[in-house]
Amino acid sequence: EPEVTQTPSHQVTQMGQEVILRCVPISNHLYFYWYRQILGQKVEFLVSFYNNEISEKSEIFDDQFSVERPDGSNFTLKIRSTKLEDSAMYFCASHRTTGLNYEQYFGPGTRLTVT
Amino acid sequence: KNEVEQSPQNLTAQEGEFITINCSYSVGISALHWLQQHPGGGIVSLFMLSSGKKKHGRLIATINIQEKHSSLHITASHPRDSAVYICAVSVSGNQFYFGTGTSLTVIP
């Protein structure tokens, strides 16, 4: 069964460093998402992406964040200058269709630790 | 401000019990999603609802749009159902708000 994959599974970085989290959505999916979950807290929406541009973004998704689909298969989330509070699990998700009948497929997540 | 509220936060049940998890929301939605988060952190989509009721195996999800309320029911609960169940709503199609989750433990 097709699945969303994410790499790395765990990333440790120092405050102020740039990180890129990578996702490979399911190949015929058209809509892509990044979410984050700080330890012990609820999942939070970051950004949605369709047709090579951002559809929606939350207040969390400030200028430090960017997304890209560089080669038609990967979907990346870049954090330019990481802060301690960026430590969280980051989930990528994708789905195929719009309208009222779609199921999101989630990747296993990347745990980001900022020290 | 919480756009999505779930109850209860924690739930312990004996194997075989009928379980109900509730979700209320305060915004206009395109759809409501029920998700399952396993102890290892992985998230699986269970249902996407815009009206009425859906059933998948022992799981049933209902939504009342007028009352802005949804319920997830698990019949004949089993220890493997132990997980965090998350209610999420999609607003204007591609923006999502999540509840804090209901942690379910089913005891053999």
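What counts and how
- Residues numbered from 1 in each chain as written.
- Chains lettered and ligands numbered in written order.
- Predicted model: local features only at pLDDT ≥ 70, side-chain atom pairs only at ≥ 80, totals over all residues.
- Heavy atoms only, no water.
- Core = buried A, V, L, I, M, F, W, Y, C linked by side-chain atoms within 4.5 Å.
- Buried < 20%, exposed > 50% of the residue type's maximum accessible area, 1.4 Å probe, protein only.
- Disulfide = S-S within 2.5 Å.
- Helix = DSSP H or I, 4+ residues; strand = E, 2+ residues; numbered from the N terminus.

*Asks:* Just to check I follow, could you spell out the nonpolar core for this structure?
*Replies:* General note: in soluble globular proteins, nonpolar side chains tend to be found buried as a group. Core analysis: the largest hydrophobic core is formed by 24 residues, its most contacted members being Ile19, Leu32 and Trp34 of chain B. Formed by 22 residues, the second largest nonpolar core is a distinct cluster that contains Trp34, Phe49, Phe75 and Ala88 of chain A.

*Asks:* Is there a simple way to think about the state of the cysteines in this case?
*Replies:* Throughout this description, disulfide means a covalent bond between two cysteine sulfur atoms. Throughout the structure, instances matching the rule amount to two disulfides over all chains. Across the disulfide, Cys23 of chain A is cross-linked to Cys92 of chain A (sulfur-sulfur distance 1.9 Å). Looking along the S-S bond of the Cys23 of chain A-Cys92 of chain A disulfide, the torsion reads about -60°, which is the left-handed sense. Of this pair, Cys23 of chain A sits in strand β3 (residues 19-24) while Cys92 of chain A sits in strand β9 (residues 88-95), and the two are 69 residues apart along the sequence. Among the residues examined, Cys92 of chain A registers a relative accessible area of 0% and is labelled buried. Here Cys23 of chain B pairs with Cys87 of chain B through a disulfide, and the sulfurs are 2.0 Å apart. Because the sign of the S-S torsion sets the handedness, a value of about -60° for the bond joining Cys23 of chain B and Cys87 of chain B places this disulfide among the left-handed ones. Linking Cys23 of chain B in strand β3 (residues 19-25) with Cys87 of chain B in strand β9 (residues 83-91), this pair joins segments that are 64 residues apart in sequence. Just as Cys23 of chain B is buried, Cys87 of chain B falls in that class too.

*Asks:* Even after reading the chapter, I still don't get unusual backbone geometry, so can you show me in this structure?
*Replies:* Working note: non-glycine residues mostly have negative phi, and peptide bonds are mostly trans. Residue Thr7 of chain A is joined to Pro8 of chain A through a cis peptide bond whose omega torsion reads -10°. Take Pro8 of chain A: it is sitting in the loop between β1 (5-7) and β2 (10-13). The peptide bond linking Ser7 of chain B to Pro8 of chain B adopts the cis configuration, its omega dihedral lying at -10°. Tracing the sequence through the fold places Pro8 of chain B in the loop between β1 (4-7) and β2 (10-14). Even without glycine at this site, Asn51 of chain A takes up a positive phi of about 55°. When you line up the elements, Asn51 of chain A lands in the loop between β5 (43-50) and β6 (53-57). The residue Lys68 of chain B is not glycine, and still its phi comes out positive at about 55°.

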